[in-house]
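Coordinates in review
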Amino acid sequence: MRAILDVLLLVLDLYTWVIIASAIFSWLYAFNVVNPRNQVVSMIGQALYSLTEPLLRPIRNIIPSIGGLDLSPIVLLLGVFLAQNVIIRYVYPNVF
């Protein structure tokens, strides 16, 4: 059972980096640092969007944007950190 929890913690850690990469990519795309017509850039952007958008969309529906500032990735990161801490502190020690 601990092996399953270790894999779950690893997936949550990797998803944290995907969220961060998606936020940085959206800034680079918004400020025209990357070329959106490049096929590799487009594929990376689409992959990051499809990985993060299903969890960010409900958060965006609840939290309104503040002057064009999107706080949903921060809220999602806090949720991931909360899930990791709950698993580490409460679930992991009680599994044999």
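So, a few notes on the structure that sits alongside this text. Since the structure is predicted, the reported quantities are computational estimates derived from the model, not experimental observations.

What counts, and at which threshold
Residues numbered from 1 in each chain as written. Predicted model: local features only at pLDDT ≥ 70, side-chain atom pairs only at ≥ 80, totals over all residues. Heavy atoms only, no water. Helix = DSSP H or I, 4+ residues; strand = E, 2+ residues; numbered from the N terminus. Buried < 20%, exposed > 50% of the residue type's maximum accessible area, 1.4 Å probe, protein only. 1 Å grid on protein atoms, 1.4 Å probe; cavity = no way out; pocket = protein on both sides within 12 Å on 5 of 7 lines; lining within 4 Å. Points joined across faces, edges and corners; volume = space filled by probe spheres on them. Nonpolar A, V, L, I, M, F, W, Y, C, P; charged D, E, K, R; others polar. Core = buried A, V, L, I, M, F, W, Y, C linked by side-chain atoms within 4.5 Å. Contact = heavy atoms within 4.5 Å. Expected span 1.5 Å × (residues − 1). Arc of directions from axis to C-beta. Axes fitted to C-alpha atoms, helices over the stretch in contact; angles between N-to-C directions. Parallel < 35°, antiparallel > 145°, perpendicular 65-115°, else oblique. Left-handed = near helix turned anticlockwise from the far one by under 90°.

For the protein chain, the count of helices and strands is three helices and zero strands. Reading the protein chain from its N terminus to its C terminus gives the helix and strand order α-α-α. Considering only C-alpha atoms, the protein chain reaches an extent of 50 × 30 × 20 Å along its principal axes. Sorting the 96 residues of the protein chain into buried and exposed places 27% on the buried side.

On to the layout of surface pockets, then. Put simply, the largest pocket is a space of about 590 Å³. Lining the largest pocket are 27 residues, with S22, A23, S26, W27 and P73 sitting closest to its centre. Per-element accounting of the lining of the largest pocket gives the leading share, 10 residues, to helix α2 (residues 39-62). Partitioned by chemical class, the residues of the lining of the largest pocket number 17 nonpolar, seven polar and three charged.

Time to look at the nonpolar core. Membership of the largest hydrophobic core comes to 17 residues, with the highest contact counts inside it found for Y15, I19, F25, L76, V80 and I87. Every element with two or more residues in this core is listed here: α1 (2-30), α2 and α3 (72-91). Here this core takes seven residues from α1, the largest share from any one element. Not counting residues up to four positions away in its chain, the partners in contact with I87 are L5, L8, L9, L12, Y92 and P93.

Spanning 20 residues, α3 covers 27 Å between terminal C-alpha atoms, matching the ideal 28 Å at 1.5 Å per step. Those residues of α3 lying buried are S72, P73, L76, L77, V80, Q84 and I87. Looking straight down α3, one finds that the buried residues subtend no more than 145° of arc, so they occupy a single side. Facing away from the buried surface of α3 by more than 90 degrees, the exposed residues are L78, L82, R89 and Y90. Packed against the buried residues of α3 are α1 and α2.

Generally, phi is negative for residues other than glycine and the peptide bonds are trans, each holding for most cases. We note that N32 has phi near 55°; this positive angle belongs to a residue other than glycine. Structurally, N32 is set in the loop between α1 and α2.

Where α1 contacts α2, the two axes come as close as 9 Å, and the packing angle between them is 120°. By the angle between their directions, the pair α1 and α2 is classed as oblique. Crossing angle aside, the handedness with which α1 passes α2 is left-handed. The segment α1 lies against α2, with Y15, V18, I19, A21, S22 and F25 engaging V41, I44, G45, L48, L51, T52 and L55.

By themselves these figures say nothing about function.
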